Amino acid sequence: MDEKQGTGKNVKKATFAGGCFWCMQPPFRALDGVIDAVSGYAGGKTENPTYEEVSSGTTGHLESVQVTYDGDTISYDTLLDTFWKQIDPTDPAGQFADKGSQYKTAIFYHDDEQKMLAEASKKKVDASGKFAHPVATEIRPYTNFYPAEEYHQDYDKKNPGRYQQYKALSGRESFIRKLWGKPRVVRVYATPGCSGCRAVKEYLRSKNVEFTEIDIAADERARNLVIEKTGHIGSPYVQVDDTFIFGFDRKKLDQFLQGT
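Residues numbered from 1 in each chain as written. Predicted model: local features only at pLDDT ≥ 70, side-chain atom pairs only at ≥ 80, totals over all residues. Heavy atoms only, no water.

> What exactly am I supposed to notice about the environment of Trp180 here?
Along the polypeptide, Trp180 turns up in helix α7 (residues 172-180). For Trp180, a relative accessible area of 33% translates into the label partly exposed. In contact with Trp180, not counting residues within four places along its chain, are Trp84, Lys85 and Lys130. (Helix = DSSP H or I, 4+ residues; strand = E, 2+ residues; numbered from the N terminus. Buried < 20%, exposed > 50% of the residue type's maximum accessible area, 1.4 Å probe, protein only. Contact = heavy atoms within 4.5 Å.)

> What is the right way to look at the pairing of strand β7 (residues 138-141) in this model?
Regular strands have side chains that alternate between both faces of the sheet. Where strand β6 (residues 105-109) meets β7, four bridges bridge the pair, whose relative direction is parallel. Paired with Ala106 across the two strands is Glu138, which belongs to β7. One crossover worth recording links β6 to the parallel β7 by way of helix α4 (residues 112-126), and it is right-handed. (Pairing = 2+ DSSP bridges. Right-handed = clockwise from strand over helix to strand, strands pointing away.)

> Before we go on, may I ask you to explain the sheet that holds strand β9 (residues 186-190) in this structure?
Pairing between sheet strands relies on hydrogen bonds along the backbone, with the strands arranged either parallel or antiparallel. Spatially, the four strands line up as an open sheet ordered β10-β9-β11-β12, and their pairing is mixed. The open sheet is flanked by β10 (212-215) and β12 (243-246), the only strands paired with a single partner. The average undirected angle you get between the axes of adjacent strands in this sheet is 20°. As judged from the four bridges shared by β9 and β10, these two strands associate in the parallel manner. Bridging from a neighbouring strand, Val188 pairs with Glu213 of β10. (Axes fitted to C-alpha atoms, helices over the stretch in contact; angles between N-to-C directions.)

Spelled out as structure tokens, the structure:
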């Protein structure tokens, strides 16, 4: 799990079910003010369920992501807005290629304020005219959350190729692109201990830019891709769509991020 330091003064929890948790973890993790985003299972009856048990649809759990955030830096409304833009809220049977009760969407509120904000947000989405059908996402009281197995955590980082393929083939990526505009494809090709890599990642998070981090020291295919596209090897390289930017070049980053 990619955990960031919070202030410790106003640390809160938020829990969302948006279908496959592989695709829900990265958007929240990239937000400035989010300390951690964990994939797991929420709302069911079975204690400490396994992925196989939840996948059977018999435990009552929904694949979810639990967000730990600094309430002084980021608002719950911002988290809600991020949630709605990752899902098809009108599907009562699941999400995209994944059907079944475990893939339904829901907002699990942790307190009365979250409940009020979630209900207001749902009404706003329903009245937005973005969707041809009514919003089916449930707003439910938070009861429990169990972290998923370690191999499900930060899946986009551990298996970037498979993650991108799944997101595209499931239909989620094209749905988001059609509804909200073209999503930015941003990747940071990094190496362990690289100070420039840390600076780039901190800057992207400050801009609320979702990105995938790939360790080119460990990923031969990614290393070969960088050499093929740039003719060089080094870190950090930032890929924005089809453009590769070497080092922490704030001006170039802003130029290409604003143009996507």
